[in-house]
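Architecture at a glance
Chain residues, written in single-letter form:
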Amino acid sequence: MTHAEWPLYEVFIRSKQGLAHRHVGSLHAADDRMALENARDAYTRRNEGCSIWVVQSCHLIASQAEDREAFFDPSEDKIYRHPTFYTIPDGIKNM
């Protein structure tokens, strides 16, 4: 496999203060181990991360913008999922 044929990986980093990983970029690598090491070298040079995830882009599944209405509309009929459905008791502080 030539360098031009290496798969594309997406890189996610969790910061030392964070609880969740966030997408920081992409890179090409020959295999998973190389992707992890290259991600470390490229995206945590200043020691800002404590965890790295790499995943081949071909394994990501995402909703499509043109399907937004059909994909997200089912939640609109469940009013109990919206915070406006609940009343806040007087003793509870509203943030």
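Preceding block: the structure.
Before going into details, it helps to say that this report is about the structure given with it. Small disclaimer: the values here were computed from a predicted structure and weren't measured.

1. Notes on the overall build of the chain
Helix and strand content of the chain: two helices and three strands. Mapped from its N terminus to its C terminus, the chain presents α and β elements in the order β-β-α-β-α. Looking at the chain residue by residue over its 95 residues, the buried ones come to 14%. Of all intrachain contacts in the chain linking residues separated by at least 6 positions in sequence, the fraction that spans at least 24 positions is 44%. Total accessible area on the chain stands at roughly 8100 Å², and carbon and sulfur atoms take up 54% of it.

2. A closer look at the pairing of strand β2 (residues 22–28)
On a regular strand, each side chain points to the face opposite its neighbour's, so the side chains alternate between the two faces of the sheet. Summarising the sheet, strand β1 (residues 8–15) and β2 pair through six bridges and their orientation is antiparallel. Considered in β2, the bridge of I13 is made with R22. Between β1 and β2, which pair antiparallel and follow one another directly, the connecting turn spans six residues.

3. Details of the sheet that holds strand β3 (residues 49–56)
As summarised here, the arrangement of the three strands in space is β2-β1-β3, forming an open sheet in which the pairing is antiparallel. Both edges of this open sheet fall to β2 and β3, since each of them pairs with a single strand only. Taken pair by pair, the neighbouring strands of this sheet meet at an average axis angle of 25 degrees, ignoring direction.

4. Some thoughts on the pairing of β1
Note that β1 and β3 share seven bridges and pair antiparallel. Across the sheet, the residue bridging to V11 is V54, located in β3.

Conventions adopted
Residues numbered from 1 in each chain as written. Predicted model: local features only at pLDDT ≥ 70, side-chain atom pairs only at ≥ 80, totals over all residues. Heavy atoms only, no water. Helix = DSSP H or I, 4+ residues; strand = E, 2+ residues; numbered from the N terminus. Buried < 20%, exposed > 50% of the residue type's maximum accessible area, 1.4 Å probe, protein only. Contact = heavy atoms within 4.5 Å. Areas by Shrake-Rupley, 256 points an atom, 1.4 Å probe, with all protein chains shown as cover. Pairing = 2+ DSSP bridges. Axes fitted to C-alpha atoms, helices over the stretch in contact; angles between N-to-C directions.

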